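Examination of the molecular architecture
These are the residues of each chain, in order.
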Amino acid sequence: PLDINRFTHVCGDYFHSACSTKGIAFSVNRDGAPLKEDADPLWLMGEVDALEKVAFNFLSNALKYTPSGGQIELGLTTTPDKVRLYIRDTGPGISK
């Protein structure tokens, strides 16, 4: 069992200061609103280490390629039966 709200906050904490240093706005959201640190747990079954590797890889790439003055968002979208973890940034993106 994994509290995805807490997981998302912990991942965000690791990248917040690096984004500030580089002049990048960083936000952590759930369903379009800031994810509060004291949000009720949202439990799901998952492998913490594997999910952390994926999230950190995407966040590292976003940090690497987003220019100063840009934005990075770490977020969750939820429905009654699904949770989607995403990273969105204002970097150049990946060519098709």
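Note that the structure is a prediction, hence the values are computed from the model and not measured.

Right, let's talk about the nonpolar core for a bit. Ranked by size, the top nonpolar core spans 18 residues in total, and within it F26, L59 and I72 carry the most contacts. The set of elements that each furnish at least two residues to this core consists of α1 (4-22), β2 (25-30), α2 (48-65) and β5 (71-79). Examining the composition of this core, we find that 5 residues originate from one element, α1, more than from any other. Among all residues touching F26, those that are not within four sequence positions of it are G12, F15, H16, C19, L59, I72 and L74.

Across the sheet, which stays open at both edges, the 4 strands sit in the order β3-β2-β5-β6 with mixed pairing between neighbours. Looking at which strands have only one partner, the edges of the open sheet turn out to be β3 (33-34) and β6 (82-89). With 6 bridges joining them, β2 and β5 adopt parallel strand pairing. Along β5, the bridge assignment pairs A25 with Q71. Lying on the sheet, α2 is in contact with β2, β5 and β6; it crosses β6 at an angle near 25°.

Per-residue pLDDT for the protein chain averages 95, and the proportion of residues at 70 or more is 100%. The weakest mean pLDDT in the protein chain belongs to α1 at 95; the strongest belongs to β2 at 98.

Turning our attention to the pattern of salt bridges. Taken as a whole, this structure holds 3 salt bridges when the rule is applied. Note that R30 and D31 form a salt bridge whose closest N and O atoms lie 3.7 Å from each other. Given a relative accessible area of 43%, D31 falls into the partly exposed group. The partner of R88 in a salt bridge is E73, and the shortest N-O contact between them spans 3.1 Å. Of this pair, R88 sits in strand β6 while E73 sits in strand β5, placing them 15 residues apart in sequence.

What counts and what doesn't
- As a convention, each chain's residues are numbered from 1 in the sequence order in which they are written.
- Totals for whole chains, interfaces and linings use all residues, but because this is a predicted model, local features are given only for residues with pLDDT of at least 70 and pairs of side-chain atoms are given and counted only at 80 or more.
- Derived side-chain values reflect all non-hydrogen atoms in the structure, with water molecules and hydrogen atoms excluded from consideration.
- Working definition of a nonpolar core: buried Ala, Val, Leu, Ile, Met, Phe, Trp, Tyr and Cys residues. They are joined through side-chain atoms within 4.5 Å.
- The rule is simple: take the accessible area with a 1.4 Å probe, protein chains only, and divide by the maximum for that residue type; under 20% is buried, over 50% is exposed, in between is partly exposed.
- Helix and strand assignments come from DSSP, with helices taken as H or I runs of at least 4 residues and strands as E runs of at least 2, each series counted from the N terminus.
- In this description, contact between two residues means that some pair of their heavy atoms is separated by no more than 4.5 Å.
- Two strands qualify as a pair provided that DSSP identifies no fewer than 2 bridges between them.
- Between N-to-C directions, angles span 0 to 180 degrees; the directions come from axes that are lines fitted to C-alpha atoms, helices contributing only their stretch in contact.
- You can read pLDDT as the predictor saying how much it trusts each residue, on a scale of 0 to 100.
- Should a side-chain nitrogen of Lys or Arg be within 4 Å of a carboxyl oxygen of Asp or Glu, the pair is scored as a salt bridge.

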